[in-house]
Structures are given as C-alpha cells and as structure tokens.
Amino acid sequence: MGTVNVQLGGCPLTYHVRANSKHADPLAINELLLHVLVDISEQTLSGVGHLMGFGAHSTLNSSSFIYGDWCVSQELKATPILVVADGVFPQAVFSEQSCAERENLKLTLSLRDDWKTGFANIVYFEAGQWVEMNAANVTLSACGDVEQLNELCQQFPALKMIGH
C-alpha cells in the first residue's frame, strides 16, 4: 500500500466509527467519519476520513485520504469482511514525499456480511505521536446506492453460508 490510488467508481458508503465506551478515554472521545468508494471487482476501497476528538485532552481534527483493500474471511464468522487501509495527510498526495512519510492513519475494519456494522482498530497520528483506538463501533450511516450495496453483498455466495 505504498501509493494513493483514488478510485472514481464503486459503491459509495459512509461509516461512523466511534470509540467503544468500555475502551474509550472519557477525556478524549474520538470518532472517525469515513466516506469510501468500494470497488467490487478489484476488492479495494478509497476515499476520505475525518478523525475528531472532543475531550478535554484532545483537540484532534484531522483529515486523511484513505486507500486500502478488503477481503472475505472464512475464519471470522461474525464479521467476515476484513478491510485494511491506510490514510495520508491530504497534502501528501500533492507533495514529492513518499506516502509513508506523510501517513496519519492506519485502520482495520471487521464488518458483518451486510457491510452495515462491525468494529475497528485504528492507529492515528496526533500531536507528534501515534495513538491507538481499539474495538471502536462501526455503523454504516449512509449508502449512496442501495442497489450497489446489494450487489456487493451478493457477489460472494460464501457469505450466505457463514450466517450471523
């Protein structure tokens, strides 16, 4: 994942990722708004993310260009869709520095077979250091094309065998 490849087509999805109350620092409530285009044929995704912190110890307000891959895992019964993506500062796309030097977000999403809910582990760059947010709740908050989402769910018949 060394290059940024923003796709112009795909299934547009918007996710709201919020720190799990069991694992969250009550003074630094963090959440990620994630707008992605999911490419069915290439099993990739790209888009933008906006990470925010609302606590007394966090003034986080960071944007990222997101790029990554997704796959269906037979081992993960409850959340068989695995998304692994990186994010870079927006200015990294236009600079001559490598994306690795401008990286500000790493995320892993585990989603149910309907792509609507799951959980996330996120590592983000804040105030000069990397911070972890684990077991965050993921919820689909908008779908640009319901027919495309249905096609995405139907493309992989193995998902129907896994069940919930």
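Cut-offs applied
- Residues numbered from 1 in each chain as written.
- Predicted model: local features only at pLDDT ≥ 70, side-chain atom pairs only at ≥ 80, totals over all residues.
- Heavy atoms only, no water.
- Core = buried A, V, L, I, M, F, W, Y, C linked by side-chain atoms within 4.5 Å.
- Buried < 20%, exposed > 50% of the residue type's maximum accessible area, 1.4 Å probe, protein only.
- Contact = heavy atoms within 4.5 Å.
- Salt bridge = Lys/Arg side-chain N within 4 Å of Asp/Glu carboxyl O.
- Helix = DSSP H or I, 4+ residues; strand = E, 2+ residues; numbered from the N terminus.
- Pairing = 2+ DSSP bridges.

Asker: What am I meant to see in the nonpolar core here?
Answerer: Across soluble globular proteins, nonpolar side chains have a tendency to be buried as a group. With 33 residues, the main nonpolar core has L13, Y15, V38, W115 and I122 as its most contacted residues. Excluding residues within four positions of it along the chain, W115 makes contact with L13, Y15, V38, W70, I81, L140, L149, L152 and C153.

Asker: When you look at the pattern of salt bridges in this model, what are you seeing that I'm missing?
Answerer: Oppositely charged side chains can pair when the atoms bearing their charge come close. Inspection of every chain in the model, using the stated rule, returns two salt bridges. The residue E31 makes a salt bridge to R18 at a minimum N-O spacing of 3.1 Å. With E31 in strand β2 (residues 30–39) and R18 in strand β1 (residues 11–18), the pair connects residues that are 13 residues apart, well separated along the chain. Its relative accessible area of 38% is what places R18 among the partly exposed residues.

Asker: Explanation requested: the pairing of strand β6 (residues 103–111) in the structure shown.
Answerer: Successive side chains on a regular strand alternate, one facing one side of the sheet and the next facing the other. Among the nine residues that make up β6, seven are buried, leaving the element largely enclosed by the rest of the structure. Where β6 meets strand β7 (residues 117–126), seven bridges bridge the pair, whose relative direction is antiparallel. Counterpart to L107 in the pairing with β7 is I122.

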